[in-house]
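# Results of the structural survey
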Amino acid sequence: MKESEKLAADSIHELVRAAIKARRKSYSPYSHYQVGAALLMADGQIVTGCNIENAAYGPSNCAERTAFFKAVSEGMREFAAIAIVGSPEGEELTQYAYPCGVCRQVMREFCEPSQFQIIVAKSEEDYRVMTLAELLPEGFGPENLHCERE
Ligand code: THU
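None of these values were measured; they are calculated from a predicted model.

Now for the pairing of strand S2 (residues 46-50). Where strand S1 (residues 33-41) and S2 come together, 5 bridges link them in antiparallel fashion. Directly across from Ala38, in S2, lies its bridge partner Thr48. Between S1 and S2, which follow one another and run antiparallel, lie 4 residues, and Gly44 among them has a positive phi close to 100°.

Before going further, it helps to examine the environment of Phe79. When you line up the elements, Phe79 lands in strand S3 (residues 79-88). On the basis of relative accessibility, which here comes to 10%, the residue Phe79 falls in the buried class. Residues Phe79 and Glu125, spaced 46 residues apart in sequence, show a C-alpha to C-alpha distance of 23 Å.

Tallying each qualifying case throughout the model produces 4 salt bridges. In this structure, Glu3 engages Lys6 in a salt bridge whose closest nitrogen and oxygen atoms are separated by 3.0 Å. What makes Lys6 partly exposed here is its relative accessible area of 42%.

What follows concerns helix H3 (residues 101-110). All of the buried residues in H3 are Cys103, Arg104, Val106, Met107 and Arg108. Here the buried face of H3 lies against helix H2 (63-73), S3, strand S4 (117-121) and helix H4 (132-135).

Here we take up the site of the ligand. Around the ligand sit Ser31, Tyr33, Val35, Asn51, Glu53, Cys62, Ala63, Glu64, Tyr98, Pro99 and Cys100, and those are all the residues in its vicinity. Glu53 has a polar side-chain atom sitting 2.5 Å from an oxygen atom of the ligand. A distance of 2.7 Å separates an oxygen atom of the ligand from a polar atom in the side chain of Glu64. Coverage of the ligand by the protein chains reaches 75% of its 370 Å² of free accessible surface. Of all the secondary structure elements, the ones that give two or more residues to the shell around the ligand are S1 and H2. Tallied by class, the residues present in the shell around the ligand amount to 7 nonpolar, 2 polar and 2 charged.

Here is what the cut-offs are and how they apply
- Residues numbered from 1 in each chain as written.
- Predicted model: local features only at pLDDT ≥ 70, side-chain atom pairs only at ≥ 80, totals over all residues.
- Heavy atoms only, no water.
- Pairing = 2+ DSSP bridges.
- Helix = DSSP H or I, 4+ residues; strand = E, 2+ residues; numbered from the N terminus.
- Buried < 20%, exposed > 50% of the residue type's maximum accessible area, 1.4 Å probe, protein only.
- Salt bridge = Lys/Arg side-chain N within 4 Å of Asp/Glu carboxyl O.
- Contact = heavy atoms within 4.5 Å.
- Near = heavy atom within 4 Å.
- Polar contact = N/O pair within 3.5 Å; in protein donor to acceptor, adjacent residues only side chain to side chain.
- Areas by Shrake-Rupley, 256 points an atom, 1.4 Å probe, with all protein chains shown as cover.
- Nonpolar A, V, L, I, M, F, W, Y, C, P; charged D, E, K, R; others polar.

Written as structure tokens, this is what we have:
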């Protein structure tokens with residue numbers, strides 16, 4: 001990825017702040033693990049999400065997918081980056097919360113792997129940035145089915 005395409009530090013800070021705020025909405029009475037995500041569109045809009053659990057466990061949804069599904073259902077399709085924060089309830093952010101495999105695959109559906117940036121953060125100042133291609137190499141996507149992204 002070209003240097004000029006990488007997110008500026010100010011944008012990363014704003015995105016991490018939004019993810020930290022979204023984490024406060026986490027509904028996680030079973031795992032007590034709270035996750036927040038903030039998804040940045042190419043036009044600068046931010047859509048947030050939190051993890052939402054369920055007594056039947058299976059219907060639980062990760063924060064990243066909540067953000068993606070909110071955005072896609074509102075007609076948004078041009079995604080630039082996502083910031084993710086997660087840690088056990090009652091703790092400050094003590095770890096980098098990398099997206100689970102299912103969420104990586106959902107990102108693969110809507111994002112160009114070499115361009116989409118994933119930020120995992122412990123604070124506005126302490127974060128790591130990777131591309132989706134780094135976290136999901138050789139992934140299976142719409143092109144395998146001869147399908148262009150809409
Ligand atoms: N979780 C996320 O929200 N994102 C991930 O990428 C990994 C896991 C949530 C799901 C569940 O509510 C809790 O964290 C513990 O797995």
